[in-house]
Amino acid sequence: MNTKHSNIVAAARKYGTPAYIYDGEELVSNYHKLKNALPSCVDVFYALKVNPNMSLVKLLRSKGACTEVCSVTEMEIALKAGSTPQDIIYLGPCKKDYELKRAIELNIFAIVIESENELSRVSKFAEEAGTTVNVAIRINPDFSAEGSPWKMGGRPTQFGIDEKHAIENFGSYLKVPHINIRGIHVYNGTSILDAKSVYENTKYILGLFRTISTRYNAQFTMVDVGGGMGIPYFQNQTALDINEFANLMQPLCNAFHEEFPETRIIMESGRFIIGTAGRMAVEVNNIKINHDKTFVVTDGGTNCHSAAAGSGRVVKRNFPMLNLTASKHATEKEYQVAGPLCSPDDIIGRNIKLKEVKVSDILIVESSGAYGPTSSPGLFHSHGYPSEVLLYKGETHLIRRKDTAKDIMDMQILVDFKAPKPILN
Ligand SMILES: *Cc1c(COP(=O)(O)O)cnc(C)c1O
């Protein structure tokens, strides 16, 4: 076992499985890879929804990452992790009054407006607060990112304002009182592995910015070109070519920056930064044969890693997995790796080859740093949240403890119904 793997096993044994184990060096290196591929005029905003653990956000912040948040809690986490309000943007289709008021009170860099109604609401709150609020208008463009399995633009969604409508009506947005429109925001897709596709998407958005700023003679201070850079999960996928990405994006962004030197160029990223830096570790609880297939039953599945279980996907493909505690000369065998749920779909490895598995082995699911426990049904079967551990610079930090039965029950309120009279007496 290499040192990295033995540290993962030690952390999993110490803090309990299922556990998410993050490699701090890899996290920082992924962030730098993206940041350094872009010219210095582009700021990288880490999307907290992808993994909001405070210590991970703090580590990224310590390396200069800005933050993109989608709820007031994510906003508080960003602040706690050391982000300054001027490095926070806030977006999302449902913003509650208290959330908008908090963003206004903090004076964050921009509230990203998803509809005209929302613009009026923010204007009203700004007036009540006696201030002017910085916003960006989110546009749903007539263009969708090639090579993205989730096309967010160019089709009906709950996000942003339609491109044509926004272009026609931007003049009226600019007149809304107590509002300073910094510019525009577009987020078009996720899991994009083709550098050319990110480039085309960015070029389209910068063009849209130019159209609107020219037409209304507006001095904008922000353009958010989204992101959506992916990581490979499956055998037929290849990683984003970061050199090609750099070669395409640098001249494009530099030319834009020369034309609009006062405009902050923002790129958002979550999966690319944290995806490969996290692994889910589970412990083998039982091994059994059923209808001629060998099932390895583990203590973590859909409930803490719905992406690996393929929830919501028609074709379920295996994330890369390893048996870290296999004996040295073990040969590979084929397994069905199940989680702890009483649901036949709770499978995180289908016909997967692993070094021969024994009870109490530690298995890991690789590339699990993005969209892990927070986007999984953690309370199903009342298993609760897994532990989270950060390995960084030779030290092991527990960054979230596993939920206990008490944690889960403390959130519930017991109505004290009278017990029935004993039936047999
Ligand atoms: C989900 C989301 C992100 C993060 O996307 P990744 O593909 O994980 O990098 C960024 N911005 C917005 C608006 C999002 O909705």
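These notes cover the structure that comes with them.

Rules behind the numbers
Residues numbered from 1 in each chain as written. Predicted model: local features only at pLDDT ≥ 70, side-chain atom pairs only at ≥ 80, totals over all residues. Heavy atoms only, no water. Buried < 20%, exposed > 50% of the residue type's maximum accessible area, 1.4 Å probe, protein only. Helix = DSSP H or I, 4+ residues; strand = E, 2+ residues; numbered from the N terminus. Contact = heavy atoms within 4.5 Å. Near = heavy atom within 4 Å. Polar contact = N/O pair within 3.5 Å; in protein donor to acceptor, adjacent residues only side chain to side chain. Areas by Shrake-Rupley, 256 points an atom, 1.4 Å probe, with all protein chains shown as cover. Nonpolar A, V, L, I, M, F, W, Y, C, P; charged D, E, K, R; others polar. Axes fitted to C-alpha atoms, helices over the stretch in contact; angles between N-to-C directions. Parallel < 35°, antiparallel > 145°, perpendicular 65-115°, else oblique. Left-handed = near helix turned anticlockwise from the far one by under 90°. Salt bridge = Lys/Arg side-chain N within 4 Å of Asp/Glu carboxyl O.

Our focus in this paragraph is helix α4 (residues 72-80). Listing the buried residues of α4 in full gives Val72, Glu74, Met75, Ile77 and Ala78. On its buried side, α4 packs onto α3 (54-62), β3 (66-69), β4 (88-90) and α5 (97-106). One or two residues past the end of α4 sits Gly82, with phi positive at roughly 95°.

Close to the ligand lie 13 residues; Lys49, Thr190, Glu268, Gly270 and Tyr371 are nearest. At 2.4 Å from a nitrogen atom of the ligand is found a side-chain nitrogen or oxygen belonging to Glu268. If the ligand stood free it would expose 390 Å²; the protein chains cover 96% of that surface. A per-class count over the shell around the ligand returns five nonpolar, four polar and four charged.

The next thing to look at is the packing of helix α7 (residues 163-174) against helix α8 (residues 195-215). Interaxial distance between α7 and α8 falls to 9 Å at its minimum, and their mutual angle equals 25°. Considering the angle they form, α7 stands roughly parallel to α8. Taken as a pair, α7 and α8 cross one another with a handedness that is right-handed. Taken together, the residues of α8 that come into contact with α7 (itself represented by Glu163, Ile167, Glu168 and Phe170) are Tyr204, Leu208, Ile212 and Arg215. Its residues assigned to classes, the contact of α7 with α8 comprises five nonpolar, no polar and three charged.

By secondary structure assignment, the location of Thr298 is in strand β14 (residues 293-298). At 3.1 Å, the side chain of Thr298 forms a polar contact with the backbone oxygen of Gly300. If we skip the residues at most four places from it in the chain, Thr298 touches Val282, Glu283, Val284, Asn285, Val337, Ala338, Gly339, Pro340, Ile348 and Leu363.

With that settled, consider the pattern of salt bridges. Two side chains with opposite charge may pair up if their charged atoms get near one another. Counting across every chain of the model gives 23 salt bridges. Between Asp403 and Arg400 there is a salt bridge, with the nearest N and O atoms lying 3.5 Å from each other. Overlapping salt bridges, with partners in common, bring together Lys4, Asp23, Glu26, Arg279 and Glu366 in one network.

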